[in-house]
Amino acid sequence: MMVLKRSRFAGLLACLSLAGTGGCSSFMSHSGPDQGYYPGTRASAKIVADSDSGWVMRPLAAIDLPFSAVMDTLLLPWDYYRSGRDKTADSPRERVLRSEQLNHTDENLSQAAPLVINTPRQQ
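Let us now look at unusual backbone geometry. Within the chain, Tyr 38 stands out as a residue other than glycine whose phi angle is a positive 55°. Mapped onto the elements, Tyr 38 comes out in the loop between helix 2 (24-30) and helix 3 (39-49).

Structure below.
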């Protein structure tokens, strides 16, 4: 009886951990700039189809693929909301420039003394 309870607990734990790790590609692709619709599913499918992917990543991406498809489907309203935005504003360069303008860092740097690099003198 005790062995049966342990095996059920182990099976439940394995299923929950598998379900908890599912959809990783979807979460990662939605945390960055807009990549269109179903970006996590496309990322997992690309890893599975790529012959240069490692032997560890291909099975993990194959397991993740259906979970990412479900998560991407749930996040379709968010993708639709972000689809009309300007994608250039999501680039890291534009975010840094915008931050410098808000903090007036660009003005402070223009008034700073130029950086002098000491080079060894030749004798």
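Restricting attention to buried positions, one finds in helix 3 the residues Pro 39, Gly 40, Thr 41 and Ser 44. Tucked into the core, helix 3 has its buried residues touching helix 2, helix 4 (57-74) and helix 5 (76-82).

Next up on the list: helix 4. The terminal C-alpha atoms of helix 4 lie 25 Å apart, and with 18 residues this matches the ideal 26 Å at 1.5 Å per residue to within 8%. Approximately 35° is the largest bend angle found in helix 4, and it occurs at Leu 65, with the proline Pro 66 only one to four residues beyond. Along helix 4, the residues classified as buried are Ala 61, Asp 64, Ser 68 and Asp 72.

Here is what the cut-offs are and how they apply
- Residues numbered from 1 in each chain as written.
- Predicted model: local features only at pLDDT ≥ 70, side-chain atom pairs only at ≥ 80, totals over all residues.
- Heavy atoms only, no water.
- Helix = DSSP H or I, 4+ residues; strand = E, 2+ residues; numbered from the N terminus.
- Buried < 20%, exposed > 50% of the residue type's maximum accessible area, 1.4 Å probe, protein only.
- Contact = heavy atoms within 4.5 Å.
- Expected span 1.5 Å × (residues − 1).
- Bend = angle between axes of the 7 residues up to and from the residue.

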